[in-house]
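The lines below spell out each chain.
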Amino acid sequence: MARIGRKWVQQSPLVQVPDRSLLLLLLGFMGLAAAPLLAHLKPQFIGLFYLFLLFKLVIAFVPRLQPHRFILLALTLGGFALVLGLSQPLVNSQTGISLLLVMAGLKLLEITRRRDIQFSVLLGFFILITVFLYEDAMQMTLLLLAVAIGLISVLIRINSLREIAYWRTARQAMGMALQALPFTLLLFFIFPRLQGPLWAFHSTEQAAKTGLSDSVTPGSISNLIQSRETAFRVEFDQAKPPKAQLYWRGPVMWQTDGRRWTRSAQMMLPLQQPVTGLESYSYRIFLEATDNKRLILLDLPAKAPGKAKLTRDFQVISQEQVSKTKSYRGTSFTQYFSADLSLDERRLALQLPDQVSDRVRDLALGWRTKASSDRAVVEQALSHFREQPFVYTLRPPLLGKDPTDGFLFETRRGFCEHYATSFTLLMRLAGIPSRLITGYLGGEQNPRGDYLIVRQSDAHAWSEVWLESEGWVRVDPTAAVAPERIEQQLDLDQGGDRVGFVMQRNSFTDLLTRNLRWGLDALNMSWYRWVIGYDRGAQRNLLEQLGLANLPYRSLGVIAAFIPLALLLVYYLFYYRRAGPPRDQVEQAFEPVLRHLIRLGLNRRPSEGMRDFGQRVARIRPDIAPQLEPLIQVYVELRYGQSNQIQDFIQSCKVFKV
């Protein structure tokens, strides 16, 4: 209440000075809202936002440091110039999000009234929305939901006419979220799905993700394999192939300078002839975000999913960068025969680096001389790797300018890329067309969801050779040195020089850890299946189960919009209208006092304010005034002021008697 002359006028809570606890609550939730953007925006913008937030935190305890409006204007212009100066290109989503974040930080500095907090909360909601342009994991969604509920509780508190305990506002905010949940689920599952992205202003510039590269050098895959991050998950429609056939195809390398292997732009053209084969498998892949357009499928892909492209060397390329978890279906042949070898493919598959050592050349030519066929040359090469003292290790020694010569004749210690690159080059020297394939091998079966988890630690490299009677044939020289690699996963926790393989451990701790990991991953898989992967096809399958498959999408949209309105109408007619509007707690507590006065013939007039009513009662019954006036004073403070003595007021009203 604000007093003007002899009258008391209600003062809006939005123009009042916010208390410190409310301001600290807002700063905490705003800091949490912006935290997921740390990995996606330039550090200058993130740092500036948190600098403003920390400065406002200091101001909360030292109010005299509140900057003047001219200083705020200068900071605004400076922040705007910083964003425009460091953002290239100028018009993209990151520039807009960075500007939003800097302006939100400046708005925090400007807070002097509760209405400023209200505007900052709205900016916080916008920041939460921008996070979904980058993140879609279940854990992140739950965190953002908790922050949103916190921001709603701040809104409830600043719009309250009296002080409310924080736990009450949090409970009310959670109640509002639960009330909105049925409508949210209904709209999510029923409202027509869009063919393209929901956001036209979508971000394509992402931070680099761990994954396969478009080139291979000694050590590139052994470095990648140290990561336990999930690369993708796979659900097979029926039985999955044997472990020895779980080769997941990625980039195909044709050209080499003796150290580095790269792809060929010529082979990136679309495949013209269809793939034929036996033992086809259908499955669904949930691919984690990468920094490229490459899709991973089981070797050998029969066709490209959706609008993706199947190249001449059986790579699968999406039209858009995989910036978020992507779900797609695949069909592959584990037994196949590829088309004839074209002249340009033969030329690329026999390309040699400028410098090849005599030892490497003589080794390949020796096999060629002794062998009666190309298949026999391949077998001699595998026998060489199997019989000579080669070691399969994640920690190979450094190689010199000629890594193939150093590996074959000096160190003989290497990982899959050492064996695959050396084998491919030896086959070319023997006159056999060959190419280098990178991808993944195997995967971990999750019994909690009946699907495969393929991790970055499953990255692998192998070769393909062209045999006249068979076409392109997969050859994995690593299997000649470490056959366990085909059937078992690597044990990254094992020390030592040689590579170890995971053995089933059945102690209580191992069983508990393994089951917890499987359970959590199964939850993530369900999230990807029903939320991230819920596209128009999945919606159509759901509608078929509900008997609504023939319903046009336009009619479906009308129904999805009508059902929430109908439910709101039912709620109004059968609950709100019967119960009436929610009653004020202070007014409800004061009702026994009013009823006692009515029995004394002292009725409050409809247009009479509470203070005027108290003054009139005091003139008629001066003996009541000492008991009634304090109650009316507290009543006014509770309803229109900052008092929070509600429990004492309720107790005083109960014992009021004349």
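The preceding data block contains the structure.
Remember, predicted model here, so these are calculated numbers, not experimental data. (Residues numbered from 1 in each chain as written. Predicted model: local features only at pLDDT ≥ 70, side-chain atom pairs only at ≥ 80, totals over all residues. Heavy atoms only, no water.)

**Student:** Can you walk me through the overall build of the chain in this structure?
**Tutor:** Helix and strand counts for the chain come out as 22 helices and 22 strands. Burial statistics for the chain: of 658 residues in total, 46% are counted as buried. Residue pairs at least 24 apart in sequence account for 73% of intrachain contacts in the chain once pairs closer than 6 positions are excluded. Of the roughly 33700 Å² of accessible surface on the chain, a fraction of 58% belongs to carbon and sulfur atoms. (Helix = DSSP H or I, 4+ residues; strand = E, 2+ residues; numbered from the N terminus. Buried < 20%, exposed > 50% of the residue type's maximum accessible area, 1.4 Å probe, protein only. Contact = heavy atoms within 4.5 Å. Areas by Shrake-Rupley, 256 points an atom, 1.4 Å probe, with all protein chains shown as cover.)

**Student:** What am I meant to see in the pairing of strand β18 (residues 451-455) here?
**Tutor:** In the case of a regular strand, side chains alternate between the two sheet surfaces. By the criterion of burial, β18 is predominantly enclosed, with 5 of the 5 residues buried. Here β18 shows two buried faces, one formed by Tyr451, Ile453 and Arg455 and the other by Leu452 and Val454. Where strand β4 (residues 230-236) meets β18, 4 bridges bridge the pair, whose relative direction is antiparallel. Residue pairing for β18: Phe232 is matched across the bridge by Val454. Here strand β17 (residues 444-446) hands over to β18 after 4 residues, with Asp450 in that stretch at a positive phi of 55°. (Pairing = 2+ DSSP bridges.)

**Student:** Help me out: how do you make sense of the packing of helix α10 (residues 358-370) against helix α11 (residues 374-387) in this one?
**Tutor:** How two helices pack is summed up by the angle between their axes together with the distance between the axes. Between α10 and α11, whose axes approach to 9 Å, the crossing angle comes to 130°. Our classification of the angle between α10 and α11 gives oblique. The interaxial crossing formed by α10 with α11 has right-handed handedness. Between α10 and α11, the contacting residues are Leu363, Trp367, Arg368 and Lys370 on the first element and Asp374, Val377, Gln380, Ala381 and His384 on the second. (Axes fitted to C-alpha atoms, helices over the stretch in contact; angles between N-to-C directions. Parallel < 35°, antiparallel > 145°, perpendicular 65-115°, else oblique. Left-handed = near helix turned anticlockwise from the far one by under 90°.)

**Student:** Whenever I open this one, the side chain of Thr130 confuses me. Can you help?
**Tutor:** The residue Thr130 is located in helix α5 (residues 114-131) in this model. Residues within four places of Thr130 in sequence aside, it is in contact with Leu37, Ile97 and Leu100.

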